[in-house]
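Chain and residue survey
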Amino acid sequence: MSDKRIPMRKCVGCNKMHPKNEMLKITKRDQEIVLDYSHKNNGRSAYLCSKEECLKLALKNKGFERSLKCKMPMTLIEIVKQEIS
Ligand SMILES: [Zn+2]
C-alpha cells in the first residue's frame, strides 16, 4: 500500500516521480542557486534523485536549466556531485 501523503516530485534527470524526501532539491533563491538541504526554501526548484546517473542525465538534457530558468553554476554541480557520491 502506498502512502499518498508523501509528496512526489519529478526528477530533472530521469523524469520519473519519486518521494520528495529522498531527493536533492536545488532552489533559485533571489539570484542565487543553492542546494536546499532543508527543503524549506521557497522559489523555483529542481529535484534530482540522489544518483550520479540522474545528475548526468540532467546535465545532458538541460533539466536544471529548464526547471530553474537559468544556468546551473559549475560550482553547484560540484556540490551536488559530492552530495551524491
Ligand atoms: Zn532520477
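Up top you'll find the structure we're talking about.
Quick look at the structure, then.

What the chain contains, in helices and strands, is three helices and five strands. Its helices and strands taken in sequence order, the chain reads β-β-β-β-β-α-α-α from the N to the C terminus. For the chain, the proportion of contacts with a sequence separation of at least 24, taken over those separated by at least 6, is 48%. If you sum the accessible surface of the chain, you get close to 5900 Å²; carbon and sulfur atoms cover 51% of it. Taking the average place of the 19 positive charges on the side chains of the chain and the average place of its 10 negative ones, the gap between the two points comes to 7 Å.

In this structure, strand β3 (residues 23-29) lies alongside strand β4 (residues 32-35), joined through four bridges in antiparallel fashion. Its bridge partner being in β4, R29 is matched across the sheet by E32.

Here we come to helix α3 (residues 74-84). Turning to α3, its buried residues number three or more, namely L76, I77, V80 and I84. Relative to the axis of α3, the buried residues are bounded by an arc of 105° and lie together on one face. Seen from the open side of α3, the exposed residues pointing more than 90 degrees away from its buried face are M74, T75 and Q82. Where the residues of α3 are buried, they touch β3, β4, β5 (45-49) and α1 (52-61).

The antiparallel open sheet is built from three strands, whose spatial order is β4-β3-β5. Each end of this open sheet is capped by a strand with a single partner; those strands are β4 and β5. Looking at each pair of strands side by side, their axes are set apart by 20° on average, direction ignored. Here α3 sits on the sheet and contacts β3, β4 and β5; the angle it forms with β4, its principal contact strand, is near 5°.

With 21 residues, the main nonpolar core has I26, L48, F64, L68, M72 and V80 as its most contacted residues. Counting residues per element, the ones that place at least two in this core are β3, β4, β5, α1, α2 (63-68) and α3. Leaving out residues up to four positions away in the same chain, M72 has contacts with I26, I33, F64, E65, I77 and V80.

Turning our eyes to something else, we now look at the environment of P7. Secondary-structure assignment places P7 in the segment before β1 (8-10). P7 sits in the partly exposed class, given a relative accessible area of 39%. Along the backbone, P7 and K20 are 13 residues apart, and their C-alpha atoms lie at a distance of 5.7 Å. Not counting residues up to four positions away in its chain, the partners in contact with P7 are H18, P19 and K20.

Rules behind the numbers
Residues numbered from 1 in each chain as written. Predicted model: local features only at pLDDT ≥ 70, side-chain atom pairs only at ≥ 80, totals over all residues. Heavy atoms only, no water. Helix = DSSP H or I, 4+ residues; strand = E, 2+ residues; numbered from the N terminus. Contact = heavy atoms within 4.5 Å. Areas by Shrake-Rupley, 256 points an atom, 1.4 Å probe, with all protein chains shown as cover. Lys, Arg positive; Asp, Glu negative; His and termini not counted. Charge placed at Lys NZ, Arg CZ, Asp CG, Glu CD. Pairing = 2+ DSSP bridges. Buried < 20%, exposed > 50% of the residue type's maximum accessible area, 1.4 Å probe, protein only. Arc of directions from axis to C-beta. Axes fitted to C-alpha atoms, helices over the stretch in contact; angles between N-to-C directions. Core = buried A, V, L, I, M, F, W, Y, C linked by side-chain atoms within 4.5 Å.

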